[in-house]
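Here's the letter readout for the chains.
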Amino acid sequence: MIARADLFGEPVRQSAQLSPRGDRVAFIAPRDGTNNLWVLSVDALDQAQPVTDDQGSGIRTYWWAQDNATLLYLQDNAGDENFRLYAAPIAGGDVRALTPAGARADVLGLSASDPNGVIVTLNARDPAWPDVYRIDITTGARTLIQRNGNTATVRGFSSFVVDRANHLRLGLKTLQDGGQQVFSRSAEGRWNSLFTIPFADTISSRPLAFEGAGQSFLMLDSTDKDRASLVRVDAATGVKAVVGESARADVVEVWLNPATNAPEAYAANYLRRDWRALDPDAQADLDFLDAQLAGDFTVVSRSNDDGRWIVVEDSPTTPTRSYLYDRTDRAHRRLTLLFRQRPALEQAPLQRMTPIEIQARDGLTLVSYLTLPIGSDSNDDGRPDHPAPLVITPHADAWGRATFGFDPFAQWLAN
């Protein structure tokens, strides 16, 4: 039997991120039983040091500041969901609160062109309508960029997007029917309507990032079709052009060049994650990672010079692993194991997952995944030798879906 704590307990290490210069790796791991931030050097992967000493509910969400010396993280008070933004110097010293207590903050943008700044949304003035601020992480000084709010005639913005230079460029307003209207912001601060996302497409359509000098931005868009595509949008006119799409499923992930935000590859997820390169260099990376890793993979962090990546591998029978991918020398690419998230499961009898297509009564296809009990499939063909008990676990909502990979609930039932 596999211990439930090994399947469902906190990972030993998780959420690795590269520093902007690519010389350090931060991650989340328990310290005295509570999740905290740790940092290690890429030249000494076995010498991690704690950066924070939270004794409350633990740290879940964090970012590297572009000064390469500070970690920013969100923390609420006893689960009240009023997340304050904190700055923790990796060299040691006091952790500082950058936003007031009782207000909810979120990070909107970090830019190499503004290494001491962070753009945040903060609802300190009006709990319902967060304003946009720039905060100096050294002094804590806040500068208002956009006042938000709702009146009888003008609805406020529900979310914002900044460009690579931390300039506020897009605002999204929720309409009465549940759709979203996308507005662009001029350099003078004027807002102009670009287009509307219908209610049925709001779950699968969203802006991703501004490219280059900011004349265009990338977004996932399912408007007028049944799948989300990767599209490029003219920031002045709202005209869209498809960059990549799949014939069978939504585009779910995109590789963006850290220096320009140019799209390099995208993935759609039907039975399994399927990557498509948009340039030869990305194809070489995909070929290398495919050859080195047995499970599906995703790139979760890249250094500013694009020389180092953090890659996470996920497989039903291989508990999640994080790797340091060094591609500074394209002729001698190297993949080094950073850590295993659940090392206690490395020798556990995890069962493989078989993608299954089921024809529903309405003629549509249900993508499903079958995990069998130990010893029930002697010829390893993905079908039990004899009838076995079946538990069906439907997804939670009309837009969600199950995916291929390590599933602790399925492994627990099979075990």
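Residues numbered from 1 in each chain as written. Predicted model: local features only at pLDDT ≥ 70, side-chain atom pairs only at ≥ 80, totals over all residues. Heavy atoms only, no water.

Concerning helix H2 (residues 280-292)
With 13 residues, H2 should reach 18 Å at 1.5 Å per residue; the first-to-last C-alpha distance of 19 Å fits that figure. Inspection of H2 places Ala282, Asp285, Leu286, Phe288 and Leu289 among the buried residues, and these make up the whole buried set. Buried residues in H2, looked at end-on, bunch into an arc of 165 degrees, giving them a common side. Turned more than 90 degrees away from the buried face of H2, the exposed residues are Pro280, Asp290 and Ala291. (Helix = DSSP H or I, 4+ residues; strand = E, 2+ residues; numbered from the N terminus. Expected span 1.5 Å × (residues − 1). Buried < 20%, exposed > 50% of the residue type's maximum accessible area, 1.4 Å probe, protein only. Arc of directions from axis to C-beta.)

What about the sheet that holds strand S27 (residues 334-340)?
Within the open sheet, the 4 strands sit side by side as S24-S25-S26-S27. Their pairing is antiparallel. Looking along the sheet, the strands with just one partner apiece sit at the ends: strand S24 (296-302) and S27. Adjacent strand axes in the sheet meet at a mean angle of 30 degrees when their direction is disregarded. Note that strand S25 (residues 308-315) and strand S26 (residues 318-326) share 7 bridges and pair antiparallel. (Pairing = 2+ DSSP bridges. Axes fitted to C-alpha atoms, helices over the stretch in contact; angles between N-to-C directions.)

Structural notes on the layout of surface pockets
By volume, the second largest pocket is sized at about 1,700 Å³. Taken together, 46 residues line the second largest pocket, and the ones lying closest to its centre are Leu110, Leu208, Ala209, Leu256 and Asn261. Of all the elements in the fold, those that place two or more residues in the lining of the second largest pocket are strand S1 (14-18), strand S5 (61-64), strand S9 (105-111), strand S13 (159-162), strand S17 (206-210), strand S21 (251-256) and S24. When grouped by side-chain class, the residues that make up the lining of the second largest pocket number 27 nonpolar, 14 polar and 5 charged. (1 Å grid on protein atoms, 1.4 Å probe; cavity = no way out; pocket = protein on both sides within 12 Å on 5 of 7 lines; lining within 4 Å. Points joined across faces, edges and corners; volume = space filled by probe spheres on them. Nonpolar A, V, L, I, M, F, W, Y, C, P; charged D, E, K, R; others polar.)

Quick look at the side chain of Thr34
Relative to the elements of secondary structure, Thr34 occurs in strand S3 (residues 34-41). Excluding residues within four positions of it along the chain, Thr34 makes contact with Ala29, Asp54, Gln55, Gly56, Ser57 and Gly58. (Contact = heavy atoms within 4.5 Å.)

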